[in-house]
Structures are given as C-alpha cells and as structure tokens.
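Geometric and topological summary
Residues per chain are reported as follows:
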Amino acid sequence: MMFFKEFKQIILDLLIPIILILSLYVLKFYYDYFTRSISYPGPLPLPILGNLHQYFYYRNDLQVWLHHLSLKYGDVFELYFGSSRYLMISDSRIVERIMSSVKDNNYFVRITTRDGLDDLKKGHSGILFNVDFNSWSCIKKIFMRAVAAPNALRFGMNLINIGFQDLEKFWNSLIEEQGQFLCDEQEKSIEIDFIPWARRIFAETIMLITTNRHPHLLSTYYERITNKNPQKNLDEEFFDRLSIASDCVQYYLMVPPFIRNFPILNIYKNYLYENMTWTRNYTCNLVKERLEEIKSNDDKEKLSTDMLSMLLTANKSKDITRDTPNDNNEKSMTHEEIGDNIAEILIEGVDSPSNTLSFVLYYIGNDPDIEQRVLNEIDKIFGHRSDFNITYEDLSKLEYIEAVIKEVLRVRPVTATITRFAAHSDQIDEYVIPPSTHLSVNILSLHVHPNYWEEPMKFDPTRFLARSDNEKEVYDKNALVYFGGGLRMCPGKQFAMTLLKMMIVLLYSKYKFEVITKDPLAQNSINTQYCY
Ligand code: HEM
C-alpha cells in the first residue's frame, strides 16, 4: 500500500511538469500562429505535426490532397510540415516571378539547409538541393554536356533504339511462349505489366549516359518473370532501392525529427534510411571503380565522356570537360558527393519519363480517336519506311504526339510540387511574401485551374496544337509547369521529350495496346505520381 502511494506520488511529480511544459509549448505555438504578421488561409496546424496528419488521411496522395485544399482555401494558402510553413501556390502571376531565369534572383534556392537534409548527410553539392549558384552552375554545365547537347541527344536516341530491340526480342519470346491467339487466329496477344519494362528501358539508357555502364535490366527482368533465373541482380536491386531512397529524402524534408524518431514510427524511417545507405554504397563503388579506370588510362582521349567521368576529371590533369570550364568552383567533390550527383540524375531521369510513358499509353488506350490520330501521324511521317532509322528531325515533326505528351503531363504531372525559397520579402501583385519562406507550386491545381484552361478536366491534346499556320498554341505558359521553370527548370526536358516521342513511335508502329486495368493511376510515393 505504502509502495503504491509512493509510486503514485512519483508519477504525479513527473507528470505535472511534463503537462505544464507541453501546455506552454502548445500555448506558445498557437500564440505565434495567431499573431503571425503575414497570414494566408489554410487548415489549422497541430503543434509538432503541422498539417501532416491530414496528408496521411488522404492516404499519402499529395496531389489530390493539395488540390482539395486549393479548392477550399484558394490560390495561395499555407500549410505546415512540422513547424515549417509553406505557401502553396496555384496563381500563375506568382509562378512567373518565382520561376525566374535571372541570375541571383530572390528564388534561386529550392530548399534551404534543413534538419532533414543535414540528418541525411546530404550536403548541397548535387543539382537538386544545391544552394550555391557557382557550384550548381558548374554541375549543370557538365550535365548539359552529358545529357542535353545535340550529340548526347543522338546518343540517347541510339540507346533507346538498341534498348527497344532488346524489348522486342523479349516481348516476342513472351508472346511466342505465353500468347493467346486473337479471333482471327493470325495474331497473338499477351497481358503485360508495362511499367517495369518502361522503367528498365529508361534506366538502362540513363545509366549508360551518366556512367557508361550497362546494367542489363531488361534481360534480367525477362529471365526473372519467365522463371529462367528468378534472382534479382545487383543493378535491379539498386534501381528498386533508388526509388525508396528518393522517398527517403522527401520524408526527411516533410516529417520533423521528433516524429521520425518516435518509437515504432522510426521503423519506417529506418527502412528508408537503410535503402538510402545501400544506394549510397553502390554509387560510391561506381565512383571508385571509375576512378581506378581513369588512373590506369594514360590517354585522356580514350576516356568515355559520360557524366561520371566528367565529374571525376573536371579541373584535373585528365580533364575531359574541355569547354566546360570549372573556374567558378575550384573545390573538388568527395566521392560520396559525386555518387549523390549520379544518384540524383538516375532518380530524376528514370521515374518521371517511365511514368509519363505509362500514362500516355493509358490515355491513348482509352480513346480510339486519339489512338487513330497517333497512328495516322506515325504513318504520315514514317510511311512504310522499312529501315525505321528515326532522326531528330523526324521527331520534331510529330506535333500531335507531342501534344498528347503535353496533355498527359498537364492532367497527370508526375511531380506534385515544385518548391522555391524566398530569400527576401517580396510583393507579387496583392500577395505579400514574407522573407525566408518556402513557396510550393501546387502543380495539379495550376494545370486544371479554370482561370487558365478551357474545360480543364477534359483530356484534349488538341489544346496544344497551333490553330492556324501563323498562330502558335495559346495558353498561359506560367500555368503549365510540368518541367518547372526559370533557372532551375528541368535540364532533362529535351532529352525526356525526345526519348518519349521515340518510344511512342517504336511502340505503336510494332504493337497494338489495350488497357486492361480499370484504374491504373495510383500514388505510392511522396512526390511522384506512379502509373500501374
Ligand atoms: C517526363 C520527364 C520529366 C519530368 C516531368 C521532369 C520534371 C522535373 C521537374 C518538375 C523539375 C523541377 C524543376 C524546377 O524546380 O523548376 C525537374 C528537375 C530536374 N530534372 Fe527533370 N523531369 C523529367 C525528366 C528528366 C530527365 C530524363 C532527367 C535527366 C536525365 C532529369 C533531370 C532533372 C534534374 C537534374 C533536375 C534538377 C534541376 C535543378 O535543380 O537545377 N529530368 N524535373
């Protein structure tokens, strides 16, 4: 009895200060919240969590959640991820200002130094989270040379061609082995899950472009699904884990440390972190192997001009970047930083185009008229050319197919948000932007905003076709940001459009597709829209 009394007293002694501290914290939080100098509408945040609990209520579908909020709170509303405030934007006037192409503009930085990035030991040396203009522009120049220069585009097209020949070989074997005859007993059909194939063909291409290393993902996947060799190889494992590593960064940015590290909840954080570490070790090994190759090769002319070799040799005696001077950024990168750079390009370069391609197939497959126009255009440009040697000039004539890709990216943008950090305060029309604020463009809401689009919910590629010879497409360019805009606009834009058009031509000139999944549009990643 005595023991129970003492125990009760200890608990009370402990609980009272805890409750007091918590109450003071909550009071301070709401005092700051209700007395903030510049306020915008938005859902009431909770202390520590911010508005994260609502995001989980929307079953992690960031796009749908943000769109619902913008319908309720308007074109500029505020949202809290933990205690960090974000202004969510779907007004094209603000987009125009924050996606500026001017050097040293107020919105160059995407995300400032944040607990999340620091906890991941992810410095700002890559492209995506870089906050230093000189170091960013140096990496971007190397990127543009490796991925966006005309010869890089031609190289990419060549790789897609080779990858597609492999794809055809594997699909034809699958059709031979497992296909069912259609009613005319001439042609066979087979049910396939398209997205794993699309991911692999883009992953092989981007891997070769950035590291000159062939990961043989298509063949290992084929062998696995036909039970010839059910083991995943290391490269497949890497790409699977890379998507999780990308989620890891988003999760660390959105979820405050207290919640991340809370017992039980930290199981998910540990799972993400473990994948991040695994992919880091993999890319670090790639860097070390390449460094050995460079050291053992005396003739720099014989080195391949992929992005990894350029990053490793920039400003060194075997510099192969030649006309890409690194004069602004003398400090060389660590192996881990170079590996992180490569991983960023692989993340950005694989998931976005492969999901876009899958959405394209879904929308074409659901509308016979659109499908017919796609087939007619392929027929018009390529006729019955047996060689099918597709050139860049051929691709630039594919106006309708380009319009289909644009419309798919309008209604199903693969990224939910694009963020910029306002270094100083600003006034954009009637909106006052407080200093040190993150602004996030709410892409879907902007893309289906009735102020900027006629019949916004209708899937209609013709809105992107010129109405007459001297009239270009008419729409507000700042209301269409699937590749972002300004200085930080996606540098893989042209590469992605070229490869997407090429894949569409190759696929539709060889195969007929039918959509069999009722609702293949699903979100299973934090900021990326996946198509299944
Ligand atoms: C359909 C395909 C793609 C879409 C929809 C897409 C979309 C985007 C978006 C929205 C951004 C943010 C832009 C901004 O903040 O203004 C971005 C950035 C970026 N993307 Fe893409 N992307 C695609 C393909 C690619 C490819 C194929 C690559 C590389 C080969 C790539 C590399 C990058 C890089 C490196 C950045 C960071 C740029 C910077 O911070 O300066 N993307 N992308």
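Quick note: structure is the one above.
Reference entry: report on the structure contained in this document. The shown structure was predicted, so the numbers you read here are calculated from the model rather than taken from an experiment.

Considering the site of the ligand
Residues in close proximity to the ligand total 29 residues, the closest being R110, W136, R420, R488 and C490. The side chain of W136 places a nitrogen or oxygen atom 2.8 Å from an oxygen atom of the ligand. At 3.2 Å from an oxygen atom of the ligand is found a side-chain nitrogen or oxygen belonging to R488. It is helix α14 (residues 335-365) that provides the largest number of residues to the shell around the ligand, a total of six residues.

A word on the pattern of salt bridges
Tallied over the full model, the rule gives 26 salt bridges. D91 is paired through a salt bridge with R93; the nearest N and O atoms lie 2.8 Å apart. On the accessibility criterion, D91 (4% relative accessible area) is buried. Take R93: its relative accessible area is 33%, and that puts it in the partly exposed class. Connected via shared salt-bridge partners are D91, R93, D429 and E430.

Some details on the nonpolar core
With 124 residues, the main nonpolar core has L357, V374 and L507 as its most contacted residues. It is α14 that provides the largest number of residues to this core, a total of 13 residues. Contact partners of L357, with chain neighbours within four places excluded, come to F194, A198, F202, L500, M503, I504 and L507. Counting 27 residues, the second-largest nonpolar core is a separate cluster that includes M88, V255, M276 and A416.

Let's talk about the coordination of the iron atom of the ligand
Counting protein donors to the iron atom of the ligand gives just one, C490 (SG), placed at 2.3 Å. Within the secondary structure, C490 sits in the loop between α18 (443-447) and α19 (493-510).

A few points about the packing of α14 against α19
The geometry of α14 relative to α19 is characterised by a closest axis approach of 11 Å and an angle of 45° between their N-to-C directions. Taken together, the axis directions place α14 and α19 in an arrangement best described as oblique. The way α14 lies across α19 gives a crossing that is right-handed. Of the residues in α19, those in contact with P353, T356, L357, V360, L361 and I364 of α14 are L500, M503, I504, L507 and Y508. Considered class by class, the residues forming the contact of α14 with α19 number 10 nonpolar, one polar and no charged.

Definitions and limits used
Residues numbered from 1 in each chain as written. Predicted model: local features only at pLDDT ≥ 70, side-chain atom pairs only at ≥ 80, totals over all residues. Heavy atoms only, no water. Near = heavy atom within 4 Å. Polar contact = N/O pair within 3.5 Å; in protein donor to acceptor, adjacent residues only side chain to side chain. Helix = DSSP H or I, 4+ residues; strand = E, 2+ residues; numbered from the N terminus. Salt bridge = Lys/Arg side-chain N within 4 Å of Asp/Glu carboxyl O. Buried < 20%, exposed > 50% of the residue type's maximum accessible area, 1.4 Å probe, protein only. Core = buried A, V, L, I, M, F, W, Y, C linked by side-chain atoms within 4.5 Å. Contact = heavy atoms within 4.5 Å. Donors = N, O, S within 2.8 Å, 3.2 Å for Na, K, Ca; no water. Axes fitted to C-alpha atoms, helices over the stretch in contact; angles between N-to-C directions. Parallel < 35°, antiparallel > 145°, perpendicular 65-115°, else oblique. Left-handed = near helix turned anticlockwise from the far one by under 90°. Nonpolar A, V, L, I, M, F, W, Y, C, P; charged D, E, K, R; others polar.

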